Amino acid sequence: MDNRENMEKKYLEALSTYLKDQNEQALYQGQKISRLHIKYNISPEEIISMHKNNLIDLYPDLPEKVVDSFDFLLEVMMGYGIAYREHQSLRHQQQELKTEIEIAANVQHTLLETEIPDIKSLEIGAISVPARQMNGDYYHFVEDENECIGVGIADVIGKGIPAALCMSMIKYAMDSLPEHRHEPNSVLESLNRVVEHNVDPSMFITMFYGLYDPHNRQFSYASAGHEPGFYYDAATGTFSDLDAKGLLLGVDKKTRYRQYEKKVNGGDMIILLSDGVTECRTNDGFIERETLIGFIKKNMHLQAQEMVNNIYKQLEKMQNFQLRDDFTLIILKSKV
Amino acid sequence: MNITVDVNELNTEFIVKLKGEIDAYTAPKLRESLFPISERENVKIIIDLTEVSYMDSTGLGVFVGAFKSVRANNGEFTLVGLSERLRRLFDITGLADIIDIKSSTEGGLE
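Residues numbered from 1 in each chain as written. Chains lettered and ligands numbered in written order. Predicted model: local features only at pLDDT ≥ 70, side-chain atom pairs only at ≥ 80, totals over all residues. Heavy atoms only, no water.

Peer 1: Whenever I open this one, the sheet that holds strand 2 (residues 13-22) of chain B confuses me. Can you help?
Peer 2: Within a beta sheet, neighbouring strands are joined by backbone hydrogen bonds and run either parallel or antiparallel to one another. All names here are of chain B. Across the sheet, five strands lie side by side as 1-2-3-4-5; this open sheet has mixed pairing. At either end of the open sheet lies a strand with only one pairing partner, and these are strand 1 (3-10) and strand 5 (100-102). Within the sheet, the average angular offset between the axes of one strand and its neighbour, ignoring direction, is 20 degrees. Where strand 2 lies against strand 3 (residues 44-55), nine bridges are found, and the strand directions are parallel. Residue pairing across strands places Gly20 opposite Val52, the latter belonging to strand 3. Across the sheet, helix 3 (residues 84-92) touches strand 3, strand 4 (76-80) and strand 5, and the angle it forms with strand 3 is around 115 degrees. (Pairing = 2+ DSSP bridges. Helix = DSSP H or I, 4+ residues; strand = E, 2+ residues; numbered from the N terminus. Axes fitted to C-alpha atoms, helices over the stretch in contact; angles between N-to-C directions. Contact = heavy atoms within 4.5 Å.)

Below, the structure is given as structure tokens:
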């Protein structure tokens, strides 16, 4: 093999230079050769054999015992050669898995895609970023025939691939809900039955579902143990928690959910989030909900989509660009 | 970060003291310790969370799983010593309404 012959020549050159004059420069050649050996998959025992042959060529009078000692060393290094080849094979497998997960993440992305509705009285911004490759958060928009906007935000307890797979099921359960008006409490009640019935008993989902009726500017909502969002009241300029009580999905199939109503006035905002936003952990501990409100206030003059993008960027920076949990933030801004 | 699970058996009562952080990495260890106990008939489990410094939703999943298993086997499941932050997690998820939660370790525990 050309590479191998080439390597032998290089090794011989570098070795003889070093033995002639033991300087740093010559030693550095050794490091370079080491990298090349790794690149061309040359095993430790092959290197010893190379060393031995070169040494015999350079010093034909080498004592026989010294030459023999290399055969012993070669035997000793055999185990390292095997470990090295195993490492190579694992690296290869890992690369394959990584590629597969990337493809799965793309498939998931396509599966869970939702279109943000475009309506006159409401400006909508949404962002969802997974902590790792696959997302265990999910949001969903739907516009019914009466121009009412349904918004769902859900978070699987657990992270990574199992959580992401579970979320695809929620999406299909939502798609197969009856076409008539999506009352938030009945949406959660039917999803709860699906989750209770179909999902691993140690996997649970928190979810918030809201329905905005543009005709009377009424927002009805219900929550299944989901992290409460915020409501911004433009008239008083104050934020409050969008409190709603309800058990997480998948614990008890008979769970009933209470529905809440809110009149949305011009300039008001509804902020929905996943716990990846509030569980944002910085060097000084968790961020407080007040800090989050501060970020919202600072970006309030922007379009809803720019707002969520900016808030995400600021929180990402606070965590040194290392999300610990999937992050989802939705802002519904009522137009004046 | 790590977690230590200290199980004390007193008659049919198990007192489980947890120390450390409960997250995606430590949850499997917690699950392995809790599940065999939770499957016993009429078992009484008291879990002391006083020394738990952090818990994310993965930990919540473990407790709900154990709670369901204990309930299915006619046992009793109690959580004690929750910090304000932990308590909030159980309140938001609606679990505080179905799981017996005592905020202090008094009564039953030394």
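Peer 1: Is there a simple way to think about the pattern of salt bridges in this case?
Peer 2: In a structure, side chains of opposite charge can pair up when their charged atoms sit close to one another. Under the counting rule described, the total for this entry stands at 14 salt bridges over all chains. Put simply, Glu189 of chain A and Arg256 of chain A hold a salt bridge, and the shortest N to O gap is 3.4 Å. With Glu189 of chain A in helix 6 (residues 184-198) and Arg256 of chain A in the loop between strand 7 (238-242) and strand 8 (260-263), the pair connects residues that are 67 residues apart, well separated along the chain. For Glu227 of chain A, the salt bridge identified is with Arg88 of chain B, shortest N-O distance 3.1 Å. A residue pair is termed interchain when its members come from two chains, as with Glu227 of chain A in the loop between strand 5 (218-224) and strand 6 (229-233) and Arg88 of chain B in helix 3. The class of Arg88 of chain B is partly exposed, set by a relative accessible area of 33%. Residues joined by salt bridges that share partners form a network here, namely Glu227, Asp241 and Arg289 of chain A together with Arg88 of chain B. (Salt bridge = Lys/Arg side-chain N within 4 Å of Asp/Glu carboxyl O. Buried < 20%, exposed > 50% of the residue type's maximum accessible area, 1.4 Å probe, protein only.)

Peer 1: Would you mind showing me how to read helix 3 of chain B here?
Peer 2: Residue and element names in this part refer to chain B. Looking only at helix 3, the buried set comprises Leu86, Leu89, Phe90 and Ile92. Projected down its long axis, helix 3 shows its buried positions confined to an angular sector of 170 degrees, all on one face. Taken together, the buried residues of helix 3 touch strand 3, helix 2 (57-72), strand 4 and strand 5. Once helix 3 finishes, Gly94 follows within two positions and takes phi at roughly 80 degrees, a positive value. (Arc of directions from axis to C-beta.)

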